[in-house]
Amino acid sequence: MAEPLRIAILGLGTVGGGVARVLLEQRERIACRAGRRIEIRRVLVREVGKSRDVDLPPGCVTTDVREIVGDPEIAVAVETMGGVDPARRYVLDLLNAGKDVVTANKALLYAHGEELFRVARERGRTIAFEASVAGGVPVIATVCQALAANQITSIEAVLNGTSNFILSEMFHQGRPYEQAVALAQQHGYAEADPTMDVDGTDAAQKLTILTQLAFGTKVPLEAFPRQGIDTLELADLIFADELGYRVKLLAVAKLDHGRLEMHVQPTLVRRGRPLAELDGVYNRIGIAGDVVGKVWLTGLGAGRMATASAVLADLIDVATGRAQLTFPRLDVWSERPPIPILPADEIERRYYLRFNVEDRPHVFADIADILGRNGISLASIIQHEAPEPDEETGDESEQPIVPLVVMTHRTREGSIRAADAELDSVSALRPPRVCMPVAD
Ligand code: NAP
Ligand code: HSE
């Protein structure tokens, strides 16, 4: 067998800990697949004294990245520390020192991928990043290798495991939102700052990585609509169910007459469809290609061992030399002109709207008038009777507030936004107003 491949792991948390564990517990299997032993020579953490559930070789834990950058024996660094700084600086130093890098860090790639890839290329090094999108689901390899003969025409996906887990816990277990977030953190699904998961940032960063690989176009997050699940209420999940839908944080990138339509938004998906029937921390990605048709991938989108599986696949690819062959061929080097992005106002879909309204005359007429004048046609309406006021505590003089749900026919996002601005003037409306697209 060849010389062992000596590696460093930067970050020994949820993912890094899983990677170390498999490397130590499955030495023979990994050596067999990689064609040589993979040895952990150094591990970088913030706090050496913290108790770890991985039995590392003595003396390998450090807080000083220079012990990794300056060690000529280390050929590959696995970056599983997360965050943008100092991860960017460390990865640049590692590449400049002649090391290949495996990373799970989509925030880093979104912010500095261009620079890191350029430096890697200039230095003849490789960056492998399967774990940066969809945890254990091999979507990067699928887009870059398995579907290489295709022009991909659309990607529609659930890409944030934490949000999907939270929505499932709220809907199926009746768990309050905050409790579901805390549970996702306990399981190690959420980012260090879970805001990135629940406000749609994490899914949007992953979508931009896929978009660059599939369409050769780098898109900033500001260029497309992005909304998270943090503004939803259980009532919306229940109304969606009554209408025959599930609510999913859907990430979409699709070619539409030479332009790229992109959005990350909580979306109503008809029950029975593959993306609707996905519960828990799973991710599911539908990719359409002009040669293959539609391909679906499903698996755990977050969590220790699922993500470690993707990191280790990259590490094995680097050990065998496969990654060094594929990295220079990625579409991130595309010299094609970028595909223009469809302006948000021109995106056309059906919408679910929920209003909290005072239950008094003419309120619905006012809302319908504003929607109608903005060219929005109504497909269905739900308003249940207000509950009877409690005989002992109810104040009959107070106007009851009831939810009013409207499903629209297809309309443009621009019309929805214009109507929304006008609805500010309706005094009978109480916050929040909820608006979600419908995936047909
Ligand atoms: P985590 O559990 O918070 O672990 C982070 C690790 O990095 C810890 O061991 C920490 O050291 C170390 N670290 C952080 N900043 C450091 C610094 N400045 N210097 C030295 N060490 C530092 O994070 P994680 O959940 O494993 O996520 C890591 C990366 O994987 C992120 O980029 C994330 O987006 C990505 N990812 C995570 C998942 C998942 O399910 N968790 C899935 C896919 C991708 P201490 O232990 O000493 O604090
Ligand atoms: N926090 C991310 C998620 C981890 O929940 O999907 C995987 O990138």
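One structure accompanies this document, and this report is about it. Since this is a predicted model, take the numbers as computed values, not measurements.

This paragraph deals with the side chain of N164. Following the sequence through the fold, N164 ends up in helix 7 (residues 161–173). Classification of N164 by relative accessible area gives buried; the value is 1%. A distance of 3.1 Å separates polar atoms of two side chains, one belonging to N164 and the other to K248. Excluding its chain neighbours within four sequence positions, the residues that come into contact with N164 are V158, K248, L278, D279, G280 and Y282.

Here the focus is the packing of helix 4 (residues 87–96) against helix 5 (residues 106–122). Between helix 4 and helix 5, the least distance of the axes is 10 Å, while the angle of their chain directions is 15°. It follows that helix 4 is roughly parallel to helix 5 by the angle criterion. Relative to helix 5, helix 4 is oriented so that their crossing is right-handed. In this structure, helix 4 uses A87, R88, V91, L92, L95 and N96 to contact helix 5, whose residues at the interface are L108, H112, E115, L116, V119 and A120. Class assignment for the residues of the contact of helix 4 with helix 5 results in 8 nonpolar, 2 polar and 2 charged.

Considering soluble globular proteins, one finds that nonpolar side chains tend to be buried as a cluster. Counting 89 residues, the largest nonpolar core has V139 and L159 as its most contacted members. It is helix 10 (residues 201–215) that contributes the most residues to this core, 8 residues altogether. Among all residues touching L159, those that are not within four sequence positions of it are V133, A134, D202, A203, K206, L207, L210, A251, N283 and I285. The next biggest cluster of nonpolar side chains, apart from the first, holds 34 residues, and it includes A20, A34, V78 and A319.

The next thing to look at is the site of ligand 1. Near ligand 1 you find 25 residues, and of these L12, K50, R52, E191 and G303 are the closest. Measuring from an oxygen atom of ligand 1, one finds a backbone N or O atom of V15 at 2.8 Å. Contact distances for ligand 1 include 2.6 Å between an oxygen atom and a backbone N or O atom of G303. The protein chains hide 87% of the 900 Å² of surface that ligand 1 would expose on its own. Across the shell around ligand 1, the residue classes break down as 10 nonpolar, 9 polar and 6 charged. Split by domain, the residues of the shell around ligand 1 number at least three in each of domain 1 (5–135) and domain 2 (139–301).

Criteria and cut-off values
Per-chain numbering applies: the sequence of each chain, read as written, is numbered from 1 onward. Each chain is given a letter, starting from A, and each ligand a number, starting from 1, according to the order in which they appear as written. Local features are withheld for residues below a pLDDT of 70 in this predicted model, meaning they are given only at 70 or higher, and side-chain atom pairs are given and counted only at 80 or more; totals for whole chains, interfaces and linings count all residues. Each side-chain value is worked out from all heavy atoms of the structure, with water and hydrogens disregarded. Going along the chain from the N terminus, every DSSP run of H or I of four or more residues is numbered as a helix, and every run of E of two or more is numbered as a strand. Between buried and exposed lies partly exposed: a residue is buried under 20% and exposed over 50% of the maximum accessible area for its type, with that area taken using a 1.4 Å probe on protein chains only. Here a polar contact is recorded for every N or O atom pair within 3.5 Å, except that within protein the pair must consist of a potential hydrogen donor and a potential acceptor, and residues adjacent in sequence are included only if both atoms are side-chain atoms. Note on definitions: a residue-residue contact is assigned when non-hydrogen atoms from the two residues lie within 4.5 Å. Under this scheme, a helix contributes an axis fitted over its contacting stretch, all axes are lines through C-alpha atoms, and angles between N-to-C directions fall in the 0 to 180 degree range. For classification purposes, an angle smaller than 35 degrees is called roughly parallel, one larger than 145 roughly antiparallel, one from 65 to 115 roughly perpendicular, and anything else oblique. Crossings are classed by handedness, with left-handed meaning an anticlockwise turn of the near helix from the far one by less than a right angle and right-handed meaning a clockwise turn. For this classification, the nonpolar set comprises Ala, Val, Leu, Ile, Met, Phe, Trp, Tyr, Cys and Pro, the charged set comprises Asp, Glu, Lys and Arg, and every other residue, Gly included, is treated as polar. By convention a nonpolar core is built from buried Ala, Val, Leu, Ile, Met, Phe, Trp, Tyr and Cys residues, the set being connected through side-chain atoms within 4.5 Å. The criterion for a residue being near a molecule or strand is simple. One of its heavy atoms has to lie within 4 Å of it. Surface accessibility in these figures is a Shrake-Rupley result with a 1.4 Å probe; residues are shielded only by whichever protein chains are displayed. Boundaries between domains were set according to an automatic or database domain assignment.

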